[in-house]
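# Observations on the model geometry
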Amino acid sequence: MGFPSGTDPNTPSGIRQQKIIARFGQAALDTVDIDQLLDNASMAVAEGLGTDYVTVLELVSSREDAVLREGVGWREELMGMTAVTTDPSSYVGYSLQSEDPVIVDNLQTEARFTEQNLLTNHDTASSISVVIDSTENPWGLLETHTTDHRDFTDQDAAFVQSIATILASAIDTSQERHELEEIYGRISDAFFALDKDWQFTYINDQAHDVINPDGRELEGENVWGEFPAATERKFKPKYEQAMYDQETVSFEEYYPEPLNAWFEVRAYPSETGLSVYFRDVTDRKEQERQLRESEQRFRTLAESFPNGGVHYFDADLRYQYVSGSGFDPIDTSPEDLIGKTIYEVDPYTEEDIELLEPLMESTLDGNQETVELPYEGRIFEGHSVPLRGETGKVTGGFFITQDITDQRKRQRKLEARSAAMEASTDGIAILDVDESYRFANQAHADIYGYDSPDAFVGNSWQMCYGKDEHERFESEVMPTLDAEGQWRGEAIGTRKDGTTFPQELSLSRTTDGQAICVVRDISERKERERQLARQNDRLEEFTSIVSHDLRGPLSVATGRMKLASEGCDSPHLAKARQSVDRAMDLIEDLRTLAREGDAVGEVEPIELEVIAQEAWETIETTEATLAIERSQKLRADRSRVRQLFENLFRNAVDHGGEAVSVCVGWEETGFFVADDGPGIPPETRDQVFETGYSTAESGTGYGLNIVSEIVAAHDWEITVTESDVGGARFEITGVETNSTDA
């Protein structure tokens, strides 16, 4: 065998390539198996050129596609499963029409043909492609590729051409041997012979059993007349093709009634007729169909597996299949895993491997495992099961993961909520849609005098109330709860021992029809209110008596001073009148404190602008001005808030003069009242709310104290600062707003 044209056998690379060609030629003579031949050829090219990929493409029968039959550098799952087009404009199609090797320096800039996805997807840059056999009757292509740009020489192309030539010759020899072995080795198969006129000349017993169970006399009969359905299927065109081309054909086809069977057929032509060998493969085809359906169901399930993933790994801990929607919220994709061992997956950390390795190894030992896996900020629950072959040996494992991050968050939230409910001093319970207890905490049981919350579960809420409350709840409370979704108020509860107690009750309806109940025993508060009411009554009575007794003498003094002023113009009379007026104001403030104290009446929605304007109208000055920057609806006792504004306005006039300017507004969690008066020094701001403190000559010292009492009664807070123009600014915060208008 001479060295191919275009090579230089005297160079080191040429000598090495010549040795490889000789070695492959010798191996080809001794190899019958085509797959082994193709593998040897791929290895020889890779060794001779040191390229990244070697590709052996076989043309399919239609000549429209070529299949990746063997090669070097490709993933195993691509072999036999990857088809490329032979369109003349494609790389493969162009190469099949070229009698000389096709050398590509840069695939990305190549203009002679279109790119091939198989190559571009693997970042190939430079290539050599050679036809196996001849361009008139090609068997396929032998290609080699590099991922880095490389200037292939004529010697390189000639080397690949030599390997392809030897390979073509070996394939022909192997096919001939294989066909002869098929002919002699399958005589035990079903067999019949046809002449040129398509008449049966021979049919063996096995063929009679398969296609002629009725025992008809078939010899001398026309095959298409005896089996008319064959003319509408592959049988007729394939037999005619074999006779016309004088080449063996093999195929699988289904024959309908009365056979209802799939057949694997191989037909051998000769000048005198056709020899047909076949076997019934219906069972195999059914198994294949079931396998395809099962595989399709599995893939569909895996690809749409909700909130998780399906992983199949082999005995080397290598992922062979990965899919599922659980990859959507994380950066890692199935493509990052497929074909790699857990040690080769870039996104995996050492901690990930330490969790997965023992789990997967235990699965390969035949165990089922369940574990929680933290990954990329998510929490996955994994279940693994071993996969066994026909002999029962474990060949791999399935690992199914479920994203339970949200579930764990909900669980922790529920646990925290449950703990809070159990720790609450208020009684908390949940009523089911049928108004029976579904849950009650220990505080709820304690309030009603029961040892355990279990005493409530399954029973009606009516166990906690008497007959009168039953009627009120049915007629007033429950209708309001159903209409508005909530109810708050007071009720009379009944303990286990039959005693009753006042309670503060809050009911809220959930979206699924349940009701959440929060109950508080207010017996002590009610008792304090009764005691306070009695004290206030006594204080009111006392102050009324005192004020009555004081008003009489003060009124007489006022009258006497008026008479005296008519006959005497003394500056002492003016001072005396001021003292009497102050005493009258003091009496009125004392009565206010005694009458109102820190009590708050009914809380209702109030418009800040409206209540401030009403209070301003009581101020006896025509020169002072009021500005309201921003209004807001708040919830408070209307009369007490009006009194608060009146006192703050009077304080502004008392200290700022008759022409003082006052501003009212809302900021974040409360309102303010500011003026342009002299202001309040920082060192005295903590004292202005004390009883009797005043810097105005006519002040009683109770006005701002009453303001602080009203603020405290609403659970608000008040502070004194300086206004923007240097005057006093009173800020009231912690004010409850009307939520729908906030």
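For the structure itself, consult the block above.
Attention in this report is confined to the structure presented alongside it. (Residues numbered from 1 in each chain as written. Predicted model: local features only at pLDDT ≥ 70, side-chain atom pairs only at ≥ 80, totals over all residues. Heavy atoms only, no water.)

## Description of the sheet that holds strand 2 (residues 65–72)
Cut-off, in case you're wondering: Whether two strands pair depends on DSSP finding at least two bridges between them. Runs of H or I in DSSP of at least four residues are treated as helices and runs of E of at least two as strands, each being numbered from the N terminus. The axes are straight lines fitted to the C-alpha atoms, using for helices just the contacting stretch, and the angles between their N-to-C directions are given from 0 to 180°. Residues count as neighbours in contact if any of their non-hydrogen atoms are within 4.5 Å of one another.
The antiparallel open sheet is built from 6 strands, whose spatial order is 3-2-1-6-5-4. Strands at the two margins of the open sheet, each flanked by one partner only, are strand 3 (83–85) and strand 4 (102–104). Each strand axis lies, on average, 25° off the axis of its neighbour in the sheet, ignoring direction. Here strand 1 (residues 53–59) runs beside strand 2; their pairing, made up of 6 bridges, is antiparallel. When the sheet's bridge partners are listed, Val-54 is paired in strand 2 with Val-72. Seen against the sheet, helix 2 (residues 34–49) touches strand 1, strand 2, strand 5 (126–133) and strand 6 (138–146) and runs at an angle of roughly 65° to strand 2.

## Notes on the nonpolar core
As a rule of thumb, nonpolar side chains are buried together in soluble globular proteins. Put simply, the test is: As used in this record, nonpolar core signifies buried Ala, Val, Leu, Ile, Met, Phe, Trp, Tyr and Cys residues forming a set joined through side-chain atoms within 4.5 Å. Categorising residues by exposure relies on relative accessible area from a 1.4 Å probe, with only protein chains included: less than 20% of the type maximum marks a residue as buried, more than 50% marks it as exposed, and the intermediate range marks it as partly exposed.
Counting residues in each nonpolar core, the largest one holds 38 residues, and the members touching the most others are Leu-634, Leu-644, Phe-645, Phe-649, Phe-671, Trp-716 and Phe-730. When residues of this core are traced back to their parent elements, those giving at least two are helix 16 (608–616), strand 24 (633–637), helix 17 (638–656), strand 25 (661–667), strand 26 (670–675), helix 18 (703–713), strand 27 (717–722) and strand 28 (728–733). Take this core: its biggest share by element is 7 residues, from helix 17. Leaving out residues up to four positions away in the same chain, Phe-645 has contacts with Leu-608, Ile-611, Ala-612, Ala-615, Val-664, Phe-671 and Val-673. Membership of the second largest hydrophobic core comes to 31 residues, among which are Ala-28, Val-54, Leu-142 and Ile-171.

## Re the pairing of strand 21 (residues 515–521)
As defined by bridge partners, strand 17 (residues 427–431) adjoins strand 21 across 5 bridges and the pair is classed as antiparallel. Among the inter-strand pairings, Ala-429 is bridged to a residue of strand 21, identified as Cys-517. Note: strand 20 (residues 500–509) against strand 21, 7 bridges, orientation antiparallel. By the bridge assignment, Ser-508 is partnered in strand 21 with Ile-516. Adjacent in sequence and paired antiparallel, strand 20 and strand 21 are bridged by 5 residues, among which Gly-513 carries a positive phi angle near 95°.

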